[in-house]
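The chain contents come next:
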Amino acid sequence: MAAKVLLKNDHIEGIRYYDTYRKHGGYEAAEKALKMAQADIVEEVKKSGLRGRGGAGFPTGMKWSFLAKPDGVPRHLVCNADESEPGTFKDRYLMEFHPHILIEGLLISSFALGSNATYIYIRGEYAWIVNILEEAIDEAKKAGWLGKNIQGTGFDCEIYVHRGAGAYICGEETALIESLEGKRGNPRMKPPFPAIQGLWMRPTVVNNVETLAAVVPIINMGGEEYAKIGVGRSTGSKLLSVCGNVNKPGVYEIDMTISVEEFIYSDEYCGGIPNGKRLKACIPGGSSVPIVPANLLFKTAKGETRYMNYESLSDGGFATGTMMGSGGFIVLDEDQCIVRHTMTLARFYNHESCGQCSPCREGTGWMYKILKNIEGGKGKMSDIGLLWDIQRRIEGNTICPLGDAAAWPVAAAIRHFRDEFEWHVNNPEESQRRNYGLAHY
Ligand code: NAD
Ligand code: SF4
């Protein structure tokens, strides 16, 4: 079902501005939260069952309760707005058109966690959104929601917007922290997790934009009511950014009870595949999650309907399922070449690897070169096995999840579409002829 939670005021002109946002119930959750005990806000978030919307789906209330509170050491909240996962643009939508729900969520969360200096780390390419956020922060400050002694509570909080410089890896929370500290964005080993040692080695919570915005409806309706939206451990609403071969690309809010089939074919959402083409495959959670062929997309391995939620999408593990990930929903029709698609992703991960760990630094390059050869009609049958072997040696052997994210798409493509790889090897001339755009790579 369509959900109207984060985007419930999407139709209201000027909702981007403070006065309009306030007139339509904005900052009522903040008013309520500032009268609550900090621990009670954390409890509401726990009760809501909210899971991190950046991709990992880690329970937000649990993450908040891990935050260390050593005496005299400042704590920080950092909003991860470095949305760079290919296919993912839902945070962009929230920040561009609903900046105040994020600012309000940040204020409530900062109060709950005791962060007096809170940061929004935004991807460099979202330059125009920096102005939108800073304008919203100025408006909120003028209205007394930020700065010193907020609404007479004695609580001080400033929000700073920090623009990244275009590296995908800075979306990984510890690389983001390094970058925020002014260093090269290299991921750190975990543990220690940021909740213990984060920004400037102080206890830090890093949450995604959508996660922090969701704190507003949670406080407004109460954690238990929020948890009633959705199903099982997939509570609340979820934003999805849709792209690829669909009639209606865009950003949608769902309540996670809708089936994958309905999501793709109903006019309320993707509106089906253009030109009557057949569906070939889908990547439902951004480029880092495994691709699923059409025959496994609508039904789980047990023959049950597959739904758009964390549990159902991952049912069957990677053999037949995938992940909810960041909600970047990419649809491929029958004309798309899986080998070419996989090669493009491999090139991306190779380019974005920070180079700290050998399996990722070297392996992503090897995978890209082998895929480029196969796609261009210069591959050997043994290359497919070699590719499989390389991805296996990357997965689980690196400092940060970029290694896994590079390995999984290759593994899933070979697992489900081996015949396409073999076709390229067996048809070198046709592969070269179809290889119209290789020069761009
Ligand atoms: P993760 O599973 O390592 O961690 C999830 C969160 O929980 C982190 O904040 C971590 O600090 C915290 N955590 C986990 N265990 C903890 C513990 N014991 N104590 C305290 N805190 C703990 O995953 P991740 O690296 O945060 O995210 C990986 C995901 O990011 C991938 O699944 C991918 O989908 C997604 N991703 C999203 C984008 C995007 O643009 N939105 C870009 C790249 C990747
Ligand atoms: Fe860097 Fe890749 Fe290692 Fe992550 S997995 S730390 S991106 S080399």
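Presented here is a report on the structure given in the accompanying data block. (Residues numbered from 1 in each chain as written. Chains lettered and ligands numbered in written order. Predicted model: local features only at pLDDT ≥ 70, side-chain atom pairs only at ≥ 80, totals over all residues. Heavy atoms only, no water.)

1. Side note on the site of ligand 1
Within the structure, ligand 1 sits among 16 residues, and Gly54, Lys63, Ser84, Glu85 and Glu173 are positioned closest to it. Between ligand 1 and Gly54 there is a distance of 3.1 Å, counted from a nitrogen atom to a backbone nitrogen or oxygen. At 2.9 Å, a backbone N or O of Glu85 approaches an oxygen atom of ligand 1. In the complex, 75% of the free accessible area of ligand 1, which totals 860 Å², lies under the protein chains. Spatially, ligand 1 is embedded in the largest pocket. Considered class by class, the residues forming the shell around ligand 1 number 7 nonpolar, 4 polar and 5 charged. (Near = heavy atom within 4 Å. Polar contact = N/O pair within 3.5 Å; in protein donor to acceptor, adjacent residues only side chain to side chain. Areas by Shrake-Rupley, 256 points an atom, 1.4 Å probe, with all protein chains shown as cover. 1 Å grid on protein atoms, 1.4 Å probe; cavity = no way out; pocket = protein on both sides within 12 Å on 5 of 7 lines; lining within 4 Å. Sits in = over half its atoms within 2 Å of the grid points. Nonpolar A, V, L, I, M, F, W, Y, C, P; charged D, E, K, R; others polar.)

2. A few points about the sheet that holds strand β8 (residues 250-254)
Here we have 5 strands laid out as an open sheet, ordered β8-β7-β11-β9-β10, and mixed in their pairing. Because the sheet does not close on itself, it has two edges, and the strands there are β8 and β10 (292-293). By the bridge criterion, 4 bridges tie strand β9 (residues 279-283) to strand β11 (residues 328-333) in an arrangement that is antiparallel. Opposite Cys282, over in β11, you have Val331 as the bridge partner. (Pairing = 2+ DSSP bridges. Helix = DSSP H or I, 4+ residues; strand = E, 2+ residues; numbered from the N terminus.)

3. What about the site of ligand 2?
Taken together, 13 residues surround ligand 2, and among them Cys354, Gln356, Cys357, Cys360 and Cys400 come closest. Assessed atom by atom at 2 Å from the grid points, ligand 2 resides in the largest cavity. Partitioned by chemical class, the residues of the shell around ligand 2 number 8 nonpolar, 5 polar and no charged.

4. Thoughts on the sheet that holds strand β4 (residues 204-208)
Sheet architecture is open: 4 strands sit in the order β3-β2-β1-β4, paired in parallel fashion. The outermost strands of the open sheet, each flanked by one partner alone, are β3 (158-163) and β4. When strand polarity is set aside, the average angle formed by the axes of neighbouring strands in this sheet is 20 degrees. As paired elements, strand β1 (residues 75-81) and strand β2 (residues 115-122) share 7 bridges and run parallel to each other. Following the sheet pairing, Val78 is matched in β2 by Tyr119. (Axes fitted to C-alpha atoms, helices over the stretch in contact; angles between N-to-C directions.)

5. Overview of the layout of surface pockets
Reported here for the largest pocket is a volume of approximately 1200 Å³. Around the largest pocket, the lining is made up of 46 residues, and of these Gly54, Gly55, Ala56, Gly171 and Pro401 lie nearest the centre. Looking at the lining of the largest pocket, the elements with two or more residues in it are α4 (60-65), α5 (90-97), β4 and α18 (402-426). A breakdown of the residues in the lining of the largest pocket according to their chemical character gives 18 nonpolar, 17 polar and 11 charged. (Points joined across faces, edges and corners; volume = space filled by probe spheres on them.)

6. Quick word on the environment of Glu395
Inspection of the secondary structure assignment puts Glu395 in the loop between α17 (381-394) and α18. Owing to a relative accessible area of 36%, Glu395 belongs among the partly exposed residues under this scheme. Residues Glu395 and Ala407, spaced 12 residues apart in sequence, show a C-alpha to C-alpha distance of 6.0 Å. Setting aside residues no more than four positions away along its own chain, Glu395 makes contact with Asp404, Ala407 and Trp408. (Buried < 20%, exposed > 50% of the residue type's maximum accessible area, 1.4 Å probe, protein only. Contact = heavy atoms within 4.5 Å.)

7. Section: the side chain of Asn207
You can see Asn207 is positioned in strand β4. A polar contact is formed between the side chain of Asn207 and the side chain of Trp64, at a distance of 2.8 Å. Discounting chain neighbours no more than four positions away, the residues touching Asn207 are Thr60, Lys63, Trp64, Leu77, Val78, Cys79, Asn80 and Leu212.

8. Overview of empty space enclosed by the protein
Following the criterion strictly, the structure yields 3 cavities of 30 Å³ or more and no others. Size it by volume and the largest cavity reaches roughly 80 Å³. For the largest cavity, the lining is made up of 13 residues, of which Pro187, Cys354, Cys357, Cys360 and Cys400 are closest to its centre. A breakdown of the residues in the lining of the largest cavity according to their chemical character gives 8 nonpolar, 5 polar and no charged. Volume-wise, the second largest cavity comes out at about 40 Å³. Lining the second largest cavity, in full, are Ile283, Ile291, Ile338, His341, Thr342, Leu345, Pro409 and Ala413. At 4 residues, the largest contribution of residues to the lining of the second largest cavity is made by helix α15 (residues 338-352).

9. Here we look at the side chain of Thr88
Here Thr88 lies in the loop between β1 and α5. Note on Thr88: relative accessible area 7%, which makes it buried. Side chain to side chain, Thr88 and Ser326 meet in a polar contact 2.9 Å long. Not counting chain neighbours up to four residues away, the residues in contact with Thr88 comprise Glu83, Tyr126, Ser241, Gly286, Ser326 and Gly328.

10. Here's the deal with the packing of α15 against α18
Packing of α15 against α18 leaves a shortest axis separation of 9 Å and a crossing angle of 155 degrees. As summarised for this structure, α15 and α18 are arranged roughly antiparallel, according to the angle between their axes. The two elements α15 and α18 meet at a crossing, and its hand is left-handed. For the pair formed by α15 and α18, the contact residues are Ile338, Val339, Thr342, Leu345, Tyr349 and Glu352 on the first element and Leu402, Ala405, Ala406, Pro409, Val410, Ala413, Phe417, Glu420, Phe421 and His424 on the second. By residue class, the composition of the contact of α15 with α18 is 12 nonpolar, 2 polar and 2 charged. (Parallel < 35°, antiparallel > 145°, perpendicular 65-115°, else oblique. Left-handed = near helix turned anticlockwise from the far one by under 90°.)

Read these as geometric descriptors, not functional statements.
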